[in-house]
Amino acid sequence: MHYLTAGESHGPCVIAIIDGVPTHLRISPKDINYELERRQIGYGRSERMQIEKDKVEILSGVRNDKTTGSPIALLIKNKDFSKSLPEVNIPRPGHADLAGVLKFNQKDARDILERASARETASRVACGAVAKVMLREFDIKVCSHVRQIGKIKVTKEMNYSKVNKSPLMCADPGAEKLMKKEIDDARKRGDTVGGIFEVICKGVPPGIGSYTQWDKRLDGRLAYVLMSIPGVKGVEIGLGFSSAGSTGSRVHDEIFYKNDRFYRKTNNAGGIEGGISNGEDIILRAVMKPIPTLGMPLKSIGLSDKLPKAAHKERADICAVPSCSVVGEAVVAFELARAMQEKFGGDSMEEMKRNHFAYIKAVKEY
Ligand code: EPS
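Quick notes on the rules
- Residues numbered from 1 in each chain as written.
- Predicted model: local features only at pLDDT ≥ 70, side-chain atom pairs only at ≥ 80, totals over all residues.
- Heavy atoms only, no water.
- Buried < 20%, exposed > 50% of the residue type's maximum accessible area, 1.4 Å probe, protein only.
- Helix = DSSP H or I, 4+ residues; strand = E, 2+ residues; numbered from the N terminus.
- Pairing = 2+ DSSP bridges.
- Disulfide = S-S within 2.5 Å.
- Axes fitted to C-alpha atoms, helices over the stretch in contact; angles between N-to-C directions.
- Contact = heavy atoms within 4.5 Å.
- Phe/Tyr/Trp six-rings, centres within 6.5 Å; stacked < 30°, edge-to-face > 60°.
- Lys NZ or Arg CZ within 6 Å of the ring centre and 35° of its normal.
- Polar contact = N/O pair within 3.5 Å; in protein donor to acceptor, adjacent residues only side chain to side chain.
- Left-handed = near helix turned anticlockwise from the far one by under 90°.
- Nonpolar A, V, L, I, M, F, W, Y, C, P; charged D, E, K, R; others polar.
- Near = heavy atom within 4 Å.
- Areas by Shrake-Rupley, 256 points an atom, 1.4 Å probe, with all protein chains shown as cover.

1. Focus on the pairing of strand β9 (residues 195–202)
Among the 8 residues of β9, 6 are classified as buried, and the element is accordingly described as predominantly covered. Note: strand β7 (residues 141–149) against β9, 8 bridges, orientation antiparallel. Paired with Val 142 across the bridge in β9 is Cys 201. Relative to strand β15 (residues 282–288), β9 runs antiparallel, the two sharing 7 bridges. From the neighbouring strand, Ile 200 faces β15, where its bridge partner is Ile 283.

2. What about the state of the cysteines?
For the coordinates displayed, the defined rule picks out 0 disulfides. Of all cysteine sulfurs in the structure, the one in Cys 143 sits closest to Cys 201, which takes part in no disulfide; the separation is 8.0 Å. For Cys 201, a relative accessible area of 0% gives the class buried. Free of any disulfide, Cys 319 has its nearest cysteine sulfur in Cys 324, 9.5 Å distant. Using a relative accessible area of 0% as the deciding quantity, one classes Cys 319 as buried.

3. Topic: the sheet that holds strand β3 (residues 56–60)
Read across the sheet, 4 strands follow the order β1-β2-β6-β3 without closing on themselves; strand pairing throughout is antiparallel. Edge strands, defined here as strands with exactly one partner in the open sheet, are β1 (2–7) and β3. The mean inter-strand angle of the sheet, taken between neighbouring strand axes irrespective of direction, is 20°. Lying over the sheet, helix α1 (residues 29–40) contacts β3 and β6 (72–77), oriented at roughly 140° with respect to β3. Running at roughly 35° to strand β2 (residues 13–19), helix α5 (residues 121–136) makes contact with β1, β2 and β6 of the sheet.

4. What about the packing of aromatic side chains?
Inspection of every chain in the model, using the stated rule, returns 5 aromatic pairs. Between Tyr 3 and Phe 334 the ring centres are 4.7 Å apart and the planes differ by 80°, which places this aromatic pair in the edge-to-face class. Taken together, the positions of Tyr 3 in strand β1 and Phe 334 in helix α9 (residues 321–344) put the pair 331 residues apart, joining distant regions of the chain. Seen from their ring centres, Phe 256 and Tyr 263 are 5.8 Å apart, and the 35° between their planes marks the pair as tilted. Linked through ring pairs, Tyr 257, Phe 262 and Tyr 366 together constitute an aromatic cluster. Seen from the ring of Tyr 43, Lys 180 lies directly overhead, with NZ or CZ sitting 5.3 Å from the centre. Positioned above the aromatic ring of Phe 256, the side-chain terminus of Lys 265 is 4.1 Å from the ring centre.

5. Some words on the environment of Asn 78
The topology assignment puts Asn 78 in the loop between β6 and α3 (97–104). Linking Asn 78 and Cys 13, residues 65 residues apart in sequence, is a C-alpha distance of 4.8 Å. Apart from residues lying up to four places away in sequence, Asn 78 is in contact with Glu 8, Ser 9, His 10, Gly 11, Pro 12, Cys 13, Val 14, Arg 48, Glu 52 and Arg 119. Within the structure, the side chain of Asn 78 is placed 2.8 Å from the backbone oxygen of Gly 11, a separation counted as a polar contact. At 2.7 Å, the side chain of Asn 78 and the side chain of Arg 119 are in polar contact.

6. Thoughts on the packing of helix α7 (residues 218–227) against α9
In contact at an axis separation of 9 Å, α7 and α9 are set at 145° when each is read in the N-to-C sense. When the axes of α7 and α9 are compared, the crossing they make is right-handed. Judged by residue contacts, Leu 218, Arg 221, Leu 222, Val 225 and Leu 226 of α7 engage Gly 328, Val 331, Val 332, Glu 335, Leu 336, Arg 338, Ala 339 and Glu 342 from α9. Here the contact of α7 with α9 is built from residues that sort into 8 nonpolar, 1 polar and 4 charged.

7. Focus: the site of the ligand
Among the 13 residues in the neighbourhood of the ligand, the closest are listed as His 10, Arg 39, Arg 48, Arg 119 and Arg 315. At a separation of 2.7 Å, an oxygen atom of the ligand approaches a polar side-chain atom of His 10. A distance of 2.7 Å separates an oxygen atom of the ligand from a polar atom in the side chain of Arg 119. Within the complex, the protein chains bury 92% of what would otherwise be the 470 Å² of accessible surface of the ligand.

8. Section: unusual backbone geometry
If you check the backbone angles, Asn 105 has positive phi at about 55° while not being a glycine. Looking at Asn 105, the relative accessible area reads 61%, which means it is exposed. The backbone of Asp 260 sits at a positive phi, close to 60°, despite the residue not being glycine. Along the chain, Asp 260 falls in the loop between β11 (255–258) and β12 (261–264). Residue Asp 260 is classed as partly exposed on the basis of its relative accessible area of 48%.

This is the structure we're talking about:
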């Protein structure tokens, strides 16, 4: 299974093509629209989110609400479509503008930023929605929540099952209030804020991914897809960076056995050992940097005259961490579905489920 996306931020639409989805997966536009709508929530987004009301059109690969095995083409129209967009000649520090014009030999950074825009993540969420429906058939759930915005952190372990009701995807109402203030203050200063979100995968069987080759390691694959989201600058799994200051005896999760199942009382490994899922929840965290388009722009240089100028300024988000969290779920769900398909194979859902069932039985009888 893999996908490609196309489309620009202010072009007519964004598109995705998913190849390799098994037949007979029941999928409807409703499943995809639900996730698209979740991506559009968020305190701190720009007015653009009031304009767009993302809805998918399934153009191919699905008949009578079931996948046919053919490539699935998905289309989301942009309401804020414009044929005449102003040129951008002063690159924004932190954006793709400068590196992009140098790489592609462009004079107008508009040709860079229209595709580098995080608008593209709408297509990824559509693909992730298909993957989520597929994973559900194996009782696997992928969810997420926001742990930090600016300086404000969620410090306690919270019940994040109702996080969808929060405009910041935050499970801690006390922290959420302070996070909103952090965003409001940044807006007043002409500044932006970033944060940290956490993606959790529940119900993943042991044995997904492999240590046998570098590019088969599940931790590497999931970190890659998270790092591929615009603005993401770091990823950790389980205890992650804080394991550096600890010791082996405190970090590693001791092994127990009950009711035909190996299990752990801790999950510092974040559900992955040796590049393979170990049957515990997979826990990933990613850092999104503050948005680079600032109301009080940083110093830059004009592309044509090479003179010092304030960086380009336009309508932008103050904080997009909650949306990024939903995108994180999508890319993780897709990569996990891909790894599941590699493990269990199958051109139809029936075949894949048969193989999955037999494997789970063998693991229990081990
Ligand atoms: C983005 C800039 C803003 C965001 C956009 C990503 O768009 P605009 O330039 O039209 O105000 O709203 O995100 C989306 C459109 C979206 O759907 O998430 C950027 O420069 O990356």
